[in-house]
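Now for the letters of each chain:
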Amino acid sequence: MSPSAVPRARWGSVYRRGGVHDPALRHGYDMCRRATRSTGEIEYAVSLLLPPPLRLAVWALYGAVRAVDDLADTVGTETHGAAAGAGRVERLEAWIAAFDADLREGAGTDPVRLALIDTMLTWNLPPEFLHTLFEELRQDVHGRHFATWGEWRRYNGLVNTPLALRTGSLLLRAAGLPAEPEALAAAVPGTAAAWQTAVDAVYLTDALVDLADDLDRGHVPLPQEALDEAGVRRADLLERRGTPAYERMVRDLADRARNWFDRTPVPPVLHPAVGLALGAYSDLYRLRLATLARDPVALLHRRPALPRLARLRLLPPARARAALACGLYPFTVVRGSATASAPLPPGPALGPAEGSRPTAARRQPVTAPAPHPSGARPPEVPTRAMPRHVAIVMDGNGRWATARGLPRTDGHRAGADALIDVVHGALEIGLDYLSVYMFSTENWKRPADELHSLMYEIPQLLRRLLDDCRPLNVRLRWAGQRSRLPADVVDTLVEAEQTTRDCGGLTVTACVNYGGRAEITAAAAQLAHDAAAGRIDPAAVSEHAFARYLHVPELPDVDLLLRSGGERRTSNFLPWQATYAELLFLDTCWPDMDRRDLWRAIEQYAHRTRRYGTVPRTRTRPHDDLAGVPAP
Ligand code: IPE
Ligand code: IPE
Ligand code: MG
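Throughout, a residue's number is its position along its own chain's written sequence, starting from 1. The order in which chains are written sets their letters, starting at A; the order in which ligands are written sets their numbers, starting at 1. Predicted model: local features are reported for residues with pLDDT of at least 70 only, side-chain atom pairs are reported and counted for 80 or more only, and whole-chain, interface and lining totals are derived from all residues. Side-chain measures were taken over the full set of non-hydrogen atoms in the model, leaving aside hydrogen atoms and water.

So the rule is basically this: UniProt positions are given in the numbering used here, feature names are shortened, and annotations may be inferred rather than shown by experiment.
You'll find the chain entered in an unreviewed UniProt entry as Isoprenyl transferase, with Streptomyces longisporus given as the organism. As recorded by UniProt, the Function (unreviewed entry) comment attached to the chain reads in full: "Catalyzes the condensation of isopentenyl diphosphate (IPP) with allylic pyrophosphates generating different type of terpenoids." Per UniProt, the comment on the chain under Subunit (unreviewed entry) is "Homodimer."

As structure tokens, then:
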């Protein structure tokens with residue numbers, strides 16, 4: 001039966017056995033499956049030999065990349081030339097940026113991205129892994145030029161071998177052996193070299209198979225040295241002239257790739273179905289090499305298909321053996337995702353449904369926020385340039401008071417007014433999360449009288465916030481430790497969380513007795529406890545799983561971290577959440593701030609270019625569409 005004739009119900013059972021029940025996610029995986037089937041004849045055939053959870057991972061990784069590649073290839077009106085290249089680059093970069101954003105937020109609407117993110121979380125794959133894949137796509141857009149075999153191998157070693165090692169470690173987990181790619185390479189002497197040789201063999205074969213496509217784009221995917229050795233002129237290749245020298249070169253290269261395959265035995269410690277799949281993979285590649293060496297001239301014009309008869313000799317018996325192996329050695333995936341493997345730590349943290357509330361509900365305050373006394377209105381900031389989470393170090397209360405000849409405590413009281421105004425401004429501009437630093441774990445070092453007054457002012461402020469918040473549909477959260485806090489402060493914080501737990505508007509997180517290191521240490525301690533109790537598999541600890549142990553697990557990454565009072569430091573504030581925050585330091589002391597300062601800060605943020613470790617790729621800046629927003 002050809003893959004396309006397989007009844008649809010069959011995939012339903014694959015998704016069920018792979019642990020994918022959500023219809024939107026299934027749709028995403030199915031799109032990836034179809035992309036794999038239409039572009040990766042061998043990969044698709046081999047995926048069908050794998051246990052369902054691994055099969056889904058192969059579809060998501062291979063299929064998503066192919067789907068993105070297709071998108072970059074076909075969408076738009078340009079068909080060739082530099083404009084086509086630029087269009088591809090822009091579409092690709094837009095997709096990658098959207099993927100990064102979805103991964104950070106653990107959500108999204110694009111089905112292919114959803115499937116890819118689900119695979120990342122399930123298998124605990126680090127984001128760099130995906131970026132290596134994306135880098136490949138970028139290189140495809142521009143075409144790679146290698147002068148020597150050395151350069152060609154170095155590129156494979158840098159980009160493709162790590163991918164192969166990562167995939168290898170994924171397969172090893174099917175045998176119950178958690179192994180990081182680095183450990184895999186280091187475990188057996190010569191393993192790294194063997195992987196590299198296998199990867200070289202695959203990529204050399206693919207370079208020949210994809211020759212016609214590459215020539216269409218004006219690229220020659222082989223090192224110049226290979227052409228020179230064979231006496232083939234680049235111009236002849238681009239003109240698709242099937243000279244005798246060219247035919248000799250293809251046969252020699254096919255021999256070379258075959259030799260490389262012969263030097264890489266299938267690793268012994270594997271789930272039997274995985275061993276079968278890898279065996280079939282290298283058999284099919286050998287078949288591909290034999291096919292292309294038979295008619296090198298045809299390669300100049302089209303991708304060669306595997307001969308049907310040879311496929312039939314190979315695949316159905318392999319499928320029967322794989323089904324038997326899966327029956328004898330059932331394989332269930334331990335989902336590495338936060339939701340499945342890491343239970344919520346005990347404490348005031350609320351359920352995980354937070355992130356999935358519909359935006360419309362979150363944006364609808366019950367009553368409108370009070371306007372600023374000056375009549376100022378919030379600026380128009382395009383949705384995609386808006387920060388989702390602003391965190392504020394409200395500093396400078398003491399200096400504000402001292403400058404006026406007042407006791408420092410008066411500064412803290414005046415700071416409370418500023419916060420109330422900023423919360424109203426946050427609602428007006430449509431912010432989703434506002435976190436405010438009220439008292440740090442280091443602030444216990446202050447004189448007793450100041451501590452005393454702070455422990456009086458903080459619950460007062462919380463009660464004012466609570467009175468204001470409920471009608472405004474603002475939800476209050478607390479991030480911090482209980483230890484040392486007076487009971488009435490803890491009670492007020494807990495009451496504030498409980499009373500507003502159904503409010504779906506802006507979330508204000510009060511960071512009281514908060515310290516970033518303390519938060520991370522407490523998370524690590526709880527995680528270690530759960531691992532020792534067998535509740536979480538140490539191999540499944542991902543960044544996402546770890547974040548479930550933080551004080552407010554569903555708090556998104558901080559986009560903008562603002563500090564008043566003139567100091568240029570973050571003072572142990574939200575280090576986990578703010579690793580990629582844009583920082584803004586204002587000289588104004590906190591009691592002098594109001595909502596207009598928040599709005600101006602958001603406008604400045606909207607003009608920043610965020611990179612997340614990449615380099616700028618496109619000519620346009622992400623927020624260049626902020627027409628009408630004056631540059632600060
Ligand atoms: C921030 O203002 C409030 C708290 C730390 C509780 P400060 O009290 O630190 O004010 P300055 O920095 O001394 O002016
Ligand atoms: C940070 O301000 C803590 C709060 C605003 C609650 P600090 O005034 O305590 O910070 P440092 O001591 O200047 O770093
Ligand atoms: Mg201070």
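1. Details of the packing of helix H2 (residues 23-39) against helix H6 (residues 111-122)
Stated precisely, the cut-off is as follows: Geometry is summarised by axes, namely lines fitted to C-alpha atoms with helices restricted to the contacting stretch, and by angles between N-to-C directions that run from 0 to 180 degrees. Runs of H or I in DSSP of at least four residues are treated as helices and runs of E of at least two as strands, each being numbered from the N terminus. Convention used here: angles under 35 degrees read as roughly parallel, angles over 145 as roughly antiparallel, angles from 65 to 115 as roughly perpendicular, and any remaining angle as oblique. Residue contacts are defined here by distance: any two heavy atoms, one from each residue, within 4.5 Å place the two residues in contact.
Where H2 contacts H6, the two axes come as close as 7 Å, and the packing angle between them is 95°. The angle between H2 and H6 falls in the class roughly perpendicular. Contacts between H2 and H6 involve Ala24, Leu25, His27, Gly28, Tyr29, Met31 and Cys32 from the first element and Pro111, Val112, Leu114, Ala115, Asp118 and Thr119 from the second.

2. Section: a nonpolar patch on the surface
Keep this limit in mind: Every patch collects residues that have over 30% relative accessible area and no salt bridge, joining them within 9 Å if they carry like charges and within 5 Å if they are nonpolar side chains (Val, Leu, Ile, Met, Phe, Trp, Tyr). Every accessible area reported is derived by Shrake-Rupley at a probe size of 1.4 Å, with residue values counting cover from the shown protein chains alone. Here a salt bridge means any side-chain nitrogen of Lys or Arg lying within 4 Å of a carboxyl oxygen belonging to Asp or Glu.
Side chains of Leu324, Leu328 and Tyr329 sit close together on the surface and give an oily, nonpolar patch of about 350 Å² of accessible area. Of note, leucine 324 is situated in helix H17 (residues 308-328).

3. Things to note about the sheet that holds strand E2 (residues 433-440)
Basically, it comes down to this: Strand pairing is defined by DSSP finding a minimum of two bridges between the two strands.
The strand order across the open sheet formed by 6 strands is E3-E4-E2-E1-E5-E6, and the pairing between neighbours is parallel. Sheet topology places strand E3 (475-479) and strand E6 (582-585) at the edges, where each strand pairs with a single neighbour. Mean inter-strand twist for the sheet, computed between neighbouring axes without regard to direction, equals 20°. Pairing geometry for strand E1 (residues 389-393) and strand E5 (residues 560-563), over 4 bridges, is parallel. Among the inter-strand pairings, isoleucine 392 is bridged to a residue of E5, identified as leucine 562. Running at roughly 160° to E2, helix H22 (residues 448-472) makes contact with E2, E3 and strand E4 (507-514) of the sheet.

4. With respect to the nonpolar core
The condition is simple: Residue types Ala, Val, Leu, Ile, Met, Phe, Trp, Tyr and Cys, when buried and joined through side-chain atoms within 4.5 Å, form a set referred to as a nonpolar core. Relative accessibility decides the category of a residue: with a 1.4 Å probe and only protein chains considered, values under 20% of the type maximum give buried, values over 50% give exposed, and everything between is partly exposed. Residue ranges labeled as domains rest on an automatic or database domain assignment.
Residues Trp59, Phe99 and Tyr246 are the most contacted members of the largest nonpolar core, which totals 90 residues. Ranked by the residues each element gives to this core, the list is headed by helix H15 (residues 272-294), at 11 residues. Here this core spans two domains, and each of domain 1 (1-142 + 332-343) and domain 2 (143-306) adds at least three residues to it. Apart from the residues lying within four places of it in its own chain, the contact partners of tryptophan 59 are Trp11, Val14, Tyr15, Tyr29, Cys32, Arg33, Thr36, Tyr44, Ser47, Leu48 and Ala64.

5. Examining the site of ligand 1
To keep things clear, this is the line we draw: The near set for a molecule or strand comprises every residue that places at least one heavy atom within 4 Å of it. Pairs of N or O atoms within 3.5 Å make up the polar contacts considered here, provided that, within protein, one atom can donate a hydrogen while the other can accept it, and that residues adjacent in sequence are counted only when both atoms are side-chain atoms.
Taken together, 13 residues form the shell around ligand 1, and within it Asp395, Gly398, Arg399, Arg408 and Arg446 come nearest. Glycine 398 is positioned such that a nitrogen or oxygen atom in its backbone is 3.0 Å from an oxygen atom of ligand 1. In the model, an oxygen atom of ligand 1 is placed 2.9 Å from a nitrogen or oxygen of the arginine 408 side chain. Breaking the shell around ligand 1 down by element, the ones donating at least two residues are helix H20 (397-403), helix H21 (408-429) and H22. Considering every element that reaches the shell around ligand 1, the biggest residue donor is H20, with 3 residues.

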